[in-house]
Amino acid sequence: MLNLALVRVDDRLIHGQVVAVWMRALSANRIIIVDDKVAKDAFMQDILAMAAPPGVPVEAFTVADAVEVLKGEPAPGEKVIVLMKNPAAAVALRAAGVAITHLNVGGMGAGPGRKSLYRNISASQEEINMLKLLSDQGVEVEFRIVAEEKGVSLANVLAGRK
């Protein structure tokens, strides 16, 4: 399996300082986006590649294709950041045998039917249930927007302790 430096839910995927800081903090050198729509949108892939730090390859895969890629043999020295827009992708990857042990929740926007959980992170009840499922399966689910902050566990977020 690839060396997963960070598995992150962030509906903006690659953006500004956050990814640059995470890349530096983790010495990551590859970004894999797991999103069925982005994987089929060459224009969006070009935009995301331009938003990544120079020299960092950005690849987008459907959930089904990502399973095989993530289970592949790692290149020497490679550290991968996996980005997805919502926890459904993490649930699907884990169900397909990808060994996700830690999930960083860094950005899910507000909207109709969504509840504010932590700072700028909101979720639908279905997404909350998915995060609980992952946690019940032994995945450490952590809310942390930027690398410099201390993470807050799903249990603490749901209990209102931040």
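Worth saying up front: this structure is predicted, and the values here are computed from it rather than measured. (Residues numbered from 1 in each chain as written. Predicted model: local features only at pLDDT ≥ 70, side-chain atom pairs only at ≥ 80, totals over all residues. Heavy atoms only, no water.)

1. Details of the packing of aromatic side chains
Overall, the coordinates contain one aromatic pair when judged by the stated rule. Ring centres of Tyr118 and Phe143 lie 6.2 Å apart, and the angle between their planes is 70 degrees; on these two criteria the pair is classed as edge-to-face. Here the residue Tyr118 occupies a position in strand S6 (residues 115-118), and Phe143 occupies one in strand S8 (residues 140-143), the gap between them amounting to 25 residues. Across the pair, exposure class does not vary: Tyr118 and Phe143 are buried alike. (Phe/Tyr/Trp six-rings, centres within 6.5 Å; stacked < 30°, edge-to-face > 60°. Helix = DSSP H or I, 4+ residues; strand = E, 2+ residues; numbered from the N terminus. Buried < 20%, exposed > 50% of the residue type's maximum accessible area, 1.4 Å probe, protein only.)

2. Description of the sheet that holds strand S2 (residues 30-34)
Pairing within the open sheet is mixed, and its seven strands lie in the order S3-S2-S4-S1-S5-S8-S9. Looking at the sheet topology across the chains shown, the edges are occupied by strand S3 (58-61) and strand S9 (152-153). Taken strand by strand, helix H1 (residues 16-26) contacts strand S1 (4-10), S2, strand S4 (80-84) and strand S5 (102-107), and its axis lies near 160 degrees from that of S1. Against the sheet, helix H4 (residues 63-70) engages S1, S2, S3 and S4, with an angle of about 145 degrees to S2. (Pairing = 2+ DSSP bridges. Contact = heavy atoms within 4.5 Å. Axes fitted to C-alpha atoms, helices over the stretch in contact; angles between N-to-C directions.)

3. Quick word on unusual backbone geometry
Non-glycine residue Leu13 carries a positive phi angle of around 60 degrees. Within the chain, Arg119 stands out as a residue other than glycine whose phi angle is a positive 45 degrees. Looking at where Arg119 falls in the secondary structure, it is placed in the loop between S6 and strand S7 (121-123).

4. Some details on the side chain of Arg8
Among the structural elements, Arg8 can be located in strand S1. On the basis of relative accessibility, which here comes to 2%, the residue Arg8 falls in the buried class. A polar side-chain atom of Arg8 sits 3.3 Å from the main-chain carbonyl oxygen of Arg144. When residues no more than four places from it in sequence are discounted, the contact partners of Arg8 are His15, Val18, Trp22, Val82, Leu83, Met84, Leu103, Asn104, Gly106, Arg144 and Ile145. (Polar contact = N/O pair within 3.5 Å; in protein donor to acceptor, adjacent residues only side chain to side chain.)

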